[in-house]
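Chain and residue survey
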Amino acid sequence: MKTRIATLLLAALIVAPAPWVVAQAQEAGQQAQAPNRIENLEVAEQGGSVYIKLTLKTPLAAVPASFSVANPARIAFDLPATTNALGRSSQNINAGDLRSANVVQAGDRTRLVLNLTRMSPYEARLDGNALIITLTPLGQEAIVTSSAEQPIVNFAASSGEAAAANKSIRDVNFRRGKDGEGRVVVELSNPDTAIDIRKQGANLVVEFVQASLPEHLRRRSDVTDFGTPVTAMVTQQQGDNVRLVVTPHGLWEHNAYQSDNQFVLEVKRVVEDPNKLVQGTPRGQYGGERLSLNFQNVDVRAVLQVIADFTDFNIITSDSVRGNLTLRLKDVPWDQALDIILQAKGLDMRKNGNVIWIAPGDELATREKLQLEALAQIGDLEPLQTESFQINYHRAKEIFDFLKSKDQTVLSKRGSVVVDDRSNKLFVTDVASRLDDLRRLIGEIDIAPRQVLIEARIVEASKDFSRDLGVRLGYGDRKALEIGDGARIGFGKSEFASVNPTTGAVNTGANAVINGIVHRVGESATSGNGFLPTGFGSLNLTLFNSSLTRFLNMELQALEADGRGRIISSPRVMTANQVEATIEQGTEVAYRKETSSGATSVEFKKAVLSLKVKPLITPDGRLQLQVEVNKDRPVFPAGFTEPAIDTKNVKTEVLVENGGTVVIGGIYEEEETENVTRVPLLGEIPVLGALFRTTSKGASRNELLVFITPRIISEALSVR
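- As annotated in an unreviewed UniProt entry, the protein chain carries the name Type IV pilus biogenesis and competence protein PilQ and is attributed to Pseudothauera rhizosphaerae.
- On record in UniProt, under Function (unreviewed entry), the comment for the protein chain is "Required for type IV pilus biogenesis and competence. Could function as a pore for exit of the pilus but also as a channel for entry of heme and antimicrobial agents and uptake of transforming DNA."
- Per UniProt, the protein chain carries the Subunit (unreviewed entry) text "Homododecamer. Tetramer of trimer."

Okay, here's the thing in structure tokens:
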């Protein structure tokens, strides 16, 4: 007994603290029961960035924990031991990408939720007793300098190489969630990494902009064994971006969120049709568990009770469901058996969760009609509300015209709309349900248009080749004959001549100085008539007598020319999706035109290099282009005052991959010529005829190719 009492006393001493310990604990409890509170919420916009200043009663010890959700776009901050003293739980902002803010208190903890139109990089910092949150648009880097009154911000263009060096993927993992969803977890080196998520065909594509991927993470992973909607995922480097391609199967939906350096993509299954009795089977087919029924003149309610017991569904039958039924079914799905019973008795059903209501079809239709009429009457009596909508990327006047048209079905007959062109806002008055529909509609259409850069390359290549081979044999006699002084005889018209070395003029006659031979036959195709001071490819041999009155002349000609040329024209233009753009460069050629009165007027016609294009971004990320490329140049022929225009034009519509190159047109020309100049009869003699003829051969090739390369400009990138 004494031992038990001693033990109890020792336990009491251990459990009961000393009085001074109790006093310290009570003081600490009183301090803990005096939480911090939010006193003010201010929003400012500067240089495209949005600043949220949250003023508290006492400074925070550290920046509160935060996380972001991609769909819908939200950023949440959790403030422990903090209450909401603003007097309101929500605030409409409509500044930049920030639509509104919610402040929700749960116990001694308060959560600040920022509702965005799209995800934006954010940064949080402490400034005294204020928490300052900066939302920076993609493609800009904010350098923030703390200030007690207002944040000062300077912007510097972010370098793609520097961003790629600082932003990388550390790890990529796959997990199975507790509800069977597939979870792709990506560890980022920088929480400000821009992320683009889109559906591309049957796949889900996630791009990490201006990021790098280590070599050991560039792989394809088969995750079928996890038993989730995801069967495979591929991580690879695509230029300056990292692309993650997730391949699901069946019906699925995705959700993405980011918490600091961790990005999570969840893919979960969806029920195909909640009104179907058995899920997972195509419409019009039966997939229930099979059963056999054999009834003779039995009450239809009893048969429905049997099906209810077999399927564990709750079946409610109307009082008007009566009559008997003879039924014999063997090894059929239970949902097909129920369908047969309903058709045989003229019944219909409505399913809500695991409850099936069965009644005649007319009764169900009448009941639903009454419900709809009641809802319509409620809509006519429901109080009206007024809400403003900030339009960012459209003209508010265009949406106003649509809402004022008689064919619109967004607003009710009691609704009204007013537009303010200066602020580009709409003010709509209607019932709450119609305002929700309008808000969702504006959220879908009021998005930034995607930009497309189209580059065209026009390559013109030419190759010319010519060869001249010829021999001319000539004989001349300068001796005067009886028929007149100065008469000569001969063939080939070769004669001696004197040439002025300065002007190149040829002087012939009896007093000519013998210092050259006049070239008449056998010259190159480009030399023309006359004497060549520098006879390239020519060889002359002349024999004459001592008195220089008779001579024999032989001229040899061998000339070959080879020429190559290439012209590259590269116009480029950037435009928005489904907006036609034109760029041109060149001259306008003047033409004289006579009017009916006899006066002369001047008209101009363009001879330019132009690119006209209208892009359409398809849902799978490719581009459909309507392209017209024109390459004109003026040609001034010899002897004509009015120039001609050499035209090359391509007009087509093509489908191209993003960043791919396609040849949209090409023209190939090849020309070969051969000319033979000879003395009749003599030039046709075999072998010896070569002394009396000249052969010229020429070949030319011209090729024109037009290339098109379109690129979708990411929101985080800019064209340099």
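From this point, things continue past the structure.
**Some points on the sheet that holds strand β9 (residues 122-127)**
- Taking strand neighbours across the sheet as the criterion, the 5 strands line up as β5-β1-β2-β10-β9 in an open arrangement whose pairing is mixed. Of all the strands in the sheet, just β5 (82-84) and β9 have a single pairing partner and so form its edges. Across this sheet, the average inter-strand angle for adjacent strands is 30°, counted without regard to direction.
- Relative to strand β10 (residues 130-135), strand β2 (residues 49-56) runs antiparallel, the two being bridged by 6 bridges.

**Examining the pairing of strand β16 (residues 203-208)**
- A large share of β16 lies buried, amounting to 5 of its 6 residues.
- Counting the residues that bridge the hairpin from strand β15 (residues 195-200) to β16 gives 2 residues, and of these Gly201 lies at a positive phi of roughly 65°.

**Considerations on the pattern of salt bridges**
- This model, assessed by the stated rule, comprises 28 salt bridges.
- One salt bridge in this structure joins Glu368 and Arg350, with 2.5 Å as the shortest N-O distance. You can see Glu368 sitting in helix α6 (residues 361-381) and its partner Arg350 sitting in strand β25 (residues 347-352), a full 18 residues away along the chain.
- When the shortest N-O distance is used, the salt bridge between Arg440 and Asp437 registers 2.8 Å. In this pair, Arg440 and Asp437 both sit in helix α8 (residues 432-445), 3 residues apart, roughly one turn of the helix.
- For Asp437, a relative accessible area of 31% corresponds to the partly exposed category.
- Three or more residues are tied together by salt bridges with common partners; here these are Glu460, Lys631, Arg633, Asp646 and Lys648.

**Re the confidence of the model for the protein chain**
- For the protein chain, the average pLDDT comes to 77, and 78% of its residues sit at 70 or higher.
- Segment residues 480-486: pLDDT under 50, and 5 contacts once partners within four positions in sequence are set aside and those in other chains are kept.
- Overall, residues 508-534 carries pLDDT values under 50, and its contacts beyond four positions in sequence, including any with other chains, amount to 56 contacts.

**Description of the packing of aromatic side chains**
- According to the stated counting rule, one finds 4 aromatic pairs in the structure shown.
- An angle of 75° between the planes, with centres 5.0 Å apart, marks the rings of Phe174 and Phe226 as edge-to-face. Note that Phe174 is positioned in strand β13 (residues 169-176) and Phe226 in the loop between β17 (219-222) and β18 (230-238), a separation of 52 residues in sequence.
- With a relative accessible area of 11%, Phe174 lands in the buried category.

**Some points on α8**
- With 14 residues, α8 extends 20 Å between its outermost C-alpha atoms, agreeing within 8% with the 20 Å of an ideal straight helix rising 1.5 Å per residue.
- Turning to α8, the residues buried within the fold contact β27 (385-390), α7 (396-404) and β29 (425-430).

**Focus: the sheet that holds strand β20 (residues 252-259)**
- Pairing within the open sheet is antiparallel, and its 9 strands lie in the order β6-β7-β8-β4-β3-β20-β21-β14-β13. Looking at strand neighbours, the two that pair on one side only are β6 (90-95) and β13, the edges of this open sheet. Across this sheet, the average inter-strand angle for adjacent strands is 20°, counted without regard to direction.
- Relative to strand β14 (residues 182-188), β13 runs antiparallel, the two sharing 7 bridges. Across the sheet, the residue bridging to Val172 is Val186, located in β14.

**A short note on helix α5 (residues 334-344)**
- All of the buried residues along α5 are Trp334, Asp335, Ala337, Leu338, Ile341 and Leu342. All buried residues of α5 lie within an arc of 160° about the axis, which places them on one face of the element. In α5, those exposed residues whose orientation departs by more than 90 degrees from the buried face are Gln343 and Ala344.
- Where α5 is buried, its residues meet β22 (290-299), α4 (300-311), β24 (324-333), β25 and β26 (355-360).
- One or two residues past the end of α5 sits Gly346, with phi positive at roughly 65°.

**A closer look at the pairing of β20**
- Bridge count between strand β3 (residues 65-69) and β20: 2 bridges; the pairing is antiparallel. Bridging from a neighbouring strand, Val69 pairs with Tyr257 of β20.
- Where β20 lies against strand β21 (residues 262-269), 8 bridges are found, and the strand directions are antiparallel. When the bridges of β21 are listed, His254 appears paired with Val267.
- Following β20, the chain reverses through 2 residues before pairing antiparallel with β21; Asp260 in that reversal takes a positive phi of roughly 55°.

**Considerations on the side chain of Asp446**
- Inspection of the secondary structure assignment puts Asp446 in the loop between α8 and β30 (451-477).
- Buried and unpaired, Asp446 has no salt bridge, with Arg99 as the nearest side chain of opposite charge at 9.9 Å.
- One polar contact links the side chain of Asp446 to the main-chain amide nitrogen of Tyr393, over a distance of 2.7 Å.

**Quick notes on unusual backbone geometry**
- With a phi angle near 55°, Gln210 is a residue other than glycine that sits in the positive phi range.
- Positionally, Gln210 belongs in the loop between β16 and β17.
- Backbone geometry at Val687 places phi at a positive 65°, although glycine is not the residue there.
- Relative to the helices and strands, Val687 is located in the loop between β41 (662-678) and β42 (693-713).
- The class of Val687 is exposed, set by a relative accessible area of 74%.

**What about the side chain of Thr709?**
- Inspection of the secondary structure puts Thr709 in strand β42.
- The class for Thr709 is buried, based on a relative accessible area of 10%.
- Reaching out from Thr709, the side chain makes a polar contact with the side chain of Thr661 at a distance of 2.8 Å.
- Contacts of Thr709, omitting those with residues within four sequence positions, involve Leu453, Ile454, Glu455, Gly659, Gly660 and Thr661.

**Let's talk about the packing of α4 against α5**
- Relative orientation of the contacting elements α4 and α5 amounts to 165°, with a least axis distance of 11 Å. Judged by the angle between their axes, α4 and α5 are roughly antiparallel. For α4 against α5, the interelement crossing comes out left-handed. Two secondary-structure elements touch here, α4 through Val300, Val303, Leu304, Ile307, Phe310 and Thr311 and α5 through Trp334, Leu338 and Ile341.
- Taken together, the residues of the contact of α4 with α5 break down into 8 nonpolar, 1 polar and no charged.

Criteria and thresholds
- Residues numbered from 1 in each chain as written.
- Predicted model: local features only at pLDDT ≥ 70, side-chain atom pairs only at ≥ 80, totals over all residues.
- Heavy atoms only, no water.
- UniProt positions renumbered as here; feature names shortened; annotations may be inferred.
- Pairing = 2+ DSSP bridges.
- Helix = DSSP H or I, 4+ residues; strand = E, 2+ residues; numbered from the N terminus.
- Axes fitted to C-alpha atoms, helices over the stretch in contact; angles between N-to-C directions.
- Buried < 20%, exposed > 50% of the residue type's maximum accessible area, 1.4 Å probe, protein only.
- Salt bridge = Lys/Arg side-chain N within 4 Å of Asp/Glu carboxyl O.
- pLDDT = per-residue confidence, 0-100.
- Contact = heavy atoms within 4.5 Å.
- Phe/Tyr/Trp six-rings, centres within 6.5 Å; stacked < 30°, edge-to-face > 60°.
- Expected span 1.5 Å × (residues − 1).
- Arc of directions from axis to C-beta.
- Lys, Arg positive; Asp, Glu negative; His and termini not counted.
- Polar contact = N/O pair within 3.5 Å; in protein donor to acceptor, adjacent residues only side chain to side chain.
- Parallel < 35°, antiparallel > 145°, perpendicular 65-115°, else oblique.
- Left-handed = near helix turned anticlockwise from the far one by under 90°.
- Nonpolar A, V, L, I, M, F, W, Y, C, P; charged D, E, K, R; others polar.

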